[in-house]
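Structural overview
If you want the building blocks of each chain, they are given just below.
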Amino acid sequence: MKTRSILGALVIAALPFTSVWAENMTPEDIKKLVDEAVTKRLQEHERHEGVTERREGSAAPQSEPGIGSLPEVGRERRTESQPALSFGSSGSGRLVYAKPFVSAPKAIVGGYMDIQYRSHRKGVLEGYGNGTTNGFDQQRFVPFIYADITEHVKFASELEIEHGIRGAGANEISLEFAHIDYLVNEPVNIRAGILLLPIGKFNLLHDSPLNDLTDRPLVSQFVIPSTMSETGAGFYGTFYPGRTSKLDYELYVTTGPCGHRKDGQPRINEVTGTKDSRQRKCDESDDGLDINNGKAISGRVAFSPMLGVEVAGSSYYGNQSPTSYNPLSITAIDWTLQKGPFEIIGEAAWAYSRGNSRAIPGNTFNGFAPGTLITGVSPVNPFAAPSQRLHGFYLQGNYHFMPAFLTKLSPKRFGEGSTFTAVIRYDRVNLNMDNRAENAGQLEQISFGLNYRPVEDAVFKISYQYLPKSFNPNPGGGTGERIHDGALVISAATYF
Amino acid sequence: MPLPRIAMVVLALLSVGCAALSGIREQYYVCSYDSVWDAALETMKGQSVSTYDKEKGLIETNWQDVPSTSERTFGIFGREGFGNNERARMTVSVKRMNDVASVSVLETRQRWHSRGGVTQQALKWWPIDPSEEATDAVVDRLNAKLKAKGCVPS
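Residues numbered from 1 in each chain as written. Chains lettered and ligands numbered in written order. Predicted model: local features only at pLDDT ≥ 70, side-chain atom pairs only at ≥ 80, totals over all residues.

Secondary structure summary: chain B contains 3 helices and 7 strands in total. With 154 residues in all, chain B has 25% of them scored as buried. (Helix = DSSP H or I, 4+ residues; strand = E, 2+ residues; numbered from the N terminus. Buried ≥ 20, exposed ≤ 12 C-beta atoms within 10 Å, placed from the backbone.)

Residue and element names in this part refer to chain A. Residues at a pLDDT of 70 or more form 81% of chain A, whose mean pLDDT is 85. Contacts of residues 10–23 to residues separated by more than four positions or lying in other chains number 8 contacts, the stretch itself having pLDDT below 50. Across residues 50–61, confidence stays below pLDDT 50; counting only partners more than four residues off in sequence or on other chains, it has 11 contacts. (pLDDT = per-residue confidence, 0-100. Contact = placed C-beta atoms within 7 Å.)

Attention shifts here to the packing of helix α2 (residues 33–43) of chain B against helix α3 (residues 132–148) of chain B. Residue and element names in this part refer to chain B. Between α2 and α3, the shortest axis-to-axis distance is 9 Å and the interhelical angle comes to 130 degrees. What the angle tells us is that α2 and α3 run oblique. Where α2 crosses over α3, the two elements pack in a sense that is right-handed. Residues Val36, Ala39, Ala40, Glu42 and Thr43 of α2 form the contact with α3, whose participating residues are Val138, Arg141, Leu142, Lys145 and Leu146. Taken together, the residues of the contact of α2 with α3 break down into 6 nonpolar, 1 polar and 3 charged. (Axes fitted to C-alpha atoms, helices over the stretch in contact; angles between N-to-C directions. Parallel < 35°, antiparallel > 145°, perpendicular 65-115°, else oblique. Left-handed = near helix turned anticlockwise from the far one by under 90°. Nonpolar A, V, L, I, M, F, W, Y, C, P; charged D, E, K, R; others polar.)

Quick look at the nonpolar core now. All names here are of chain A. In this structure, Val219, Val223, Ile224 and Ile330 are the most contacted members of the largest nonpolar core, which totals 38 residues. Of all elements in the fold, only β3 (140–148), β6 (189–196), α4 (218–222), β11 (327–339), β12 (342–353), β13 (389–401), β16 (458–472) and β17 (481–495) reach the threshold of two or more residues within this core. Not counting residues within four places of it along the chain, the set of residues in contact with Val223 comprises Gly273, Thr274, Ile330, Ala349, Ala351, Leu390, His391, Gly392 and Val429. (Core = buried A, V, L, I, M, F, W, Y, C linked by C-beta atoms within 7 Å.)

All names here are of chain A. At the junction of Ser226 and Thr227, the peptide bond is cis and its omega measures out at 0 degrees in the coordinates. Topologically, Thr227 is positioned in the loop between α4 and β7 (229–239). One non-glycine residue, His163, lies in positive phi territory at about 50 degrees. Given 14 C-beta atoms within a 10 Å radius, His163 is considered partly exposed.

Okay, α2 of chain B next. All names here are of chain B. Taken together, the buried positions of α2 are Val36, Ala39, Ala40 and Thr43. Viewed along the axis of α2, the buried residues span an arc of 100 degrees, placing them on a single side of the element. Contacts made by the buried residues of α2 are with β1 (25–30), β3 (58–61), β5 (86–97), β6 (100–112) and α3. (Arc of directions from axis to C-beta.)

This part is about α3 of chain B. Residues and elements named next belong to chain B. Between its first and last C-alpha, α3 extends 24 Å over 17 residues, near the 24 Å set by a 1.5 Å rise per residue. For α3, the complete set of buried residues consists of Val138, Leu142 and Leu146. Along the axis of α3, the buried residues cluster in a sector spanning 65 degrees; they form a single face. Opposite the packed face of α3, turned more than 90 degrees from it, sit the exposed residues Glu132, Glu133, Asp140, Ala144 and Ala148. (Expected span 1.5 Å × (residues − 1).)

Attention now moves to the pairing of strand β4 (residues 153–162) of chain A. Looking at chain direction, β3 of chain A and β4 of chain A are connected through 7 bridges and run antiparallel. Bridge pairing links Tyr146 of chain A to Ala156 of chain A in β4 of chain A. (Pairing = 2+ DSSP bridges.)

Next up on the list: the environment of Leu95 of chain A. All names here are of chain A. With respect to the helices and strands, Leu95 occurs in the loop between α2 (27–56) and α3 (100–103). We classify Leu95 as partly exposed; it has 15 C-beta atoms within 10 Å. Through-space distance from the C-alpha of Leu95 to that of Thr133 is 54 Å; in sequence the pair is 38 residues apart.

See below:
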């Protein structure tokens, strides 16, 4: 108001000197003229003040992204007039702050973590001498970074830190997936990066807060080695073939497995199954790149005839040898049935590692000539060769419930959104089907569990595992032995 | 019991189970097929209809953004995350049954990022339970239109 009055006075004072002053103008014309002039001067004044403020201010956007004072990270938004960061941008040390996400944040950082305490009858846990029977383990701390870059470009990543308390070099930090999605339409989308391989359902939905028991199913640890991811690209999408049905598919071409150590020793064996043949387990010198010129192909087709029912088939095929053609194939089926508070889920998988029992060309492992049968690698059967055929499955029943008296007792803790789940799961694997004698890879497990979810994203679990067929890698001699075992497992997991 | 008979029994049980699971709302009208079809088509007028086939008795809408039926936030801190988007499409099926016509109404509803937390699978549409209110609204409109024509739902 003050500014307007001053400007008005200035304009009136200036009027006698302007050429537009005419004797025949009416008072109304003069007033209109003055008003227009004041408004014009006011706009000029505001523009001028704005420029001055931007010059004086510490956080204003600049014409060049790398020039000017440092921005308040995440607070400022890039103006339309400011050009995007490019190779043509100039600036000094502040250029590092000129990233698009500083001025226009897009990413969401989330994640999950878990913590468990387990007590076994036998000393199967890692430790000195005969191993330990019980202990705490903060197994997974997993930050996620997700971003919607545009309506059609998405980014997603999962960084996993396993057993983070361990010293440098002993813990496991890996990028489990990191990919860029280009959404074309619902039936066809493109994905490239480090991809979670679509083999079975558990590999795709392996987060601890989603699992109703603490341990992953045996088949998802040893036959489909969750988390199994590889670098590559492919397509995924959804079709709706019927009124209530849905068909999802994923199809990827990826780098392929890493089936042998540098000396040619097979990585697939009856103790660890296919775990060590994952791309992320390759020798350091391979830099996570392809060990041969072959690529792996994997895909999953899931059909849901109606809400609550889904069956899926999936497969993986790729050469695992650096010097010969020894393909590893994994085939799986999985199912999910939900009806009211009941769920039945499960997965079965078959792996065939062709030629894994024989020495590959160029190997230096224990002096085996190429093509000869490898023996002496099984911890319990010196005559057994490395695994070629592996099989396993699990079947799990869940029942969700919430006792009414608990809701009445504390509606906040046991109200809507919270639930108890009773779980029973049967697990069975055979990690060396060709070894019909003493076999370290024949495992059987029955788990009884109960968990409480205050919200869907957080869970407290307790379970008892009965293991009629198990394997202890830590007996006195360190060679491993077959055992009967049992374990009490208590854990918590939450997304954050 | 011979195997084919067992298979038939299993199939019958499955089909009964399927109907119960799918959330379809079914109504019968003592009315001509043409009247019921016209009323059904009129009921769906104003919505983005993708398919209508009188021979098959099928009317389907496109996916449409709909208000969320439930609040779903991201993580235990309840952040908004990728939003709480839902979409739905409606399927109306008219069947000829002698002097009676049946109409089944089904809403298929999906939510973006409905799964807890974030997983690779989060970035897709997840099926969720259909909205009973939305289904009832269609059935009520249809009933009103047919009542005006003198057709009573049974």
